[in-house]
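In case you want the letters, here they are:
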Amino acid sequence: MLSSPFTIWDGDDVHGRRAVLTGVAVSLDRLFARRPGAEKHVIPTGLDLTGVVPGRLHGRFPGVEGDWLGVVNYEIGYADGRRDKLYVADQLVPFHVLRKL
């Protein structure tokens, strides 16, 4: 787990500490925006980078220009609908693609 200066911790030194997880919605359409006019080459077994998926925010970092990035764990599904998902942990995600649940 990536610890940021803005990670909120629960617990204590005796019983153990763990990062507080905040439920967020991650807009994959905004996070993985395609460049305008880009040609599409459909790959049925590829990752589905559309829609909104649940995530778990556990840290924050400020950018030099004042934008905030969240440290988020989330899953991306496959276009063919299989049950398995790609689990991505400790991803820096711009706050403008997150919404608190």
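Residues numbered from 1 in each chain as written. Predicted model: local features only at pLDDT ≥ 70, side-chain atom pairs only at ≥ 80, totals over all residues. Heavy atoms only, no water.

**Observations regarding the overall build of the chain**
- A tally of regular secondary structure across the chain gives one helix and seven strands.
- Scanning the chain from its N terminus toward the C terminus, one meets helices and strands in the order β-β-β-α-β-β-β-β.
- In terms of C-alpha radius of gyration, the chain reaches 16 Å, well past the compact-globule figure of 13 Å for 101 residues.
- In terms of overall dimensions, the chain has a C-alpha envelope of 55 × 35 × 20 Å along the principal axes.
- Within the chain, buried positions represent 25% of all 101 residues.
- Within the chain, contacts between residues separated by at least 24 positions form 55% of all contacts whose residues are at least 6 apart in sequence.
- Within the structure as shown, the chain displays about 7,100 Å² of accessible surface, and the carbon and sulfur contribution to it stands at 54%.
- Separation between the mean location of the 13 positive side-chain charges and that of the 12 negative ones in the chain comes to 5 Å. (Helix = DSSP H or I, 4+ residues; strand = E, 2+ residues; numbered from the N terminus. Rg over C-alpha atoms; globule rule 2.2 N^0.38 Å. Buried < 20%, exposed > 50% of the residue type's maximum accessible area, 1.4 Å probe, protein only. Contact = heavy atoms within 4.5 Å. Areas by Shrake-Rupley, 256 points an atom, 1.4 Å probe, with all protein chains shown as cover. Lys, Arg positive; Asp, Glu negative; His and termini not counted. Charge placed at Lys NZ, Arg CZ, Asp CG, Glu CD.)

**As for the pairing of strand β4 (residues 52–62)**
- Pairing geometry for strand β3 (residues 22–27) and β4, over six bridges, is antiparallel. Pairing of S27 across the sheet is with V52, part of β4.
- Judged from the seven bridges that link them, β4 and strand β5 (residues 68–76) form a sheet pairing that is antiparallel. Note on β5: the bridge partner recorded for G55 is Y74. (Pairing = 2+ DSSP bridges.)

**Comments concerning the packing of aromatic side chains**
- One pass over the structure, following the stated rule, counts one aromatic pair.
- Ring geometry for F6 versus W68: centroids 5.0 Å apart, planes at 80°, classification edge-to-face. Residue F6 is located in the segment before β1 (9–12), and its partner W68 is located in strand β5; the two are separated by 62 residues in the primary sequence.
- Between R82 and the ring centre of Y78, over which it is positioned, the NZ or CZ distance is 3.9 Å. (Phe/Tyr/Trp six-rings, centres within 6.5 Å; stacked < 30°, edge-to-face > 60°. Lys NZ or Arg CZ within 6 Å of the ring centre and 35° of its normal.)

**Things to note about the sheet that holds strand β6 (residues 86–94)**
- A sheet is described by the order of its strands in space; here five strands give the open sequence β6-β5-β4-β3-β7, paired in antiparallel fashion. Each edge of the open sheet carries a strand with a single partner, namely β6 and β7 (98–100). With strand direction ignored, the average angle separating the axes of adjacent strands in the sheet is 40°. (Axes fitted to C-alpha atoms, helices over the stretch in contact; angles between N-to-C directions.)

The analysis is restricted to geometry; functional conclusions fall outside its scope.
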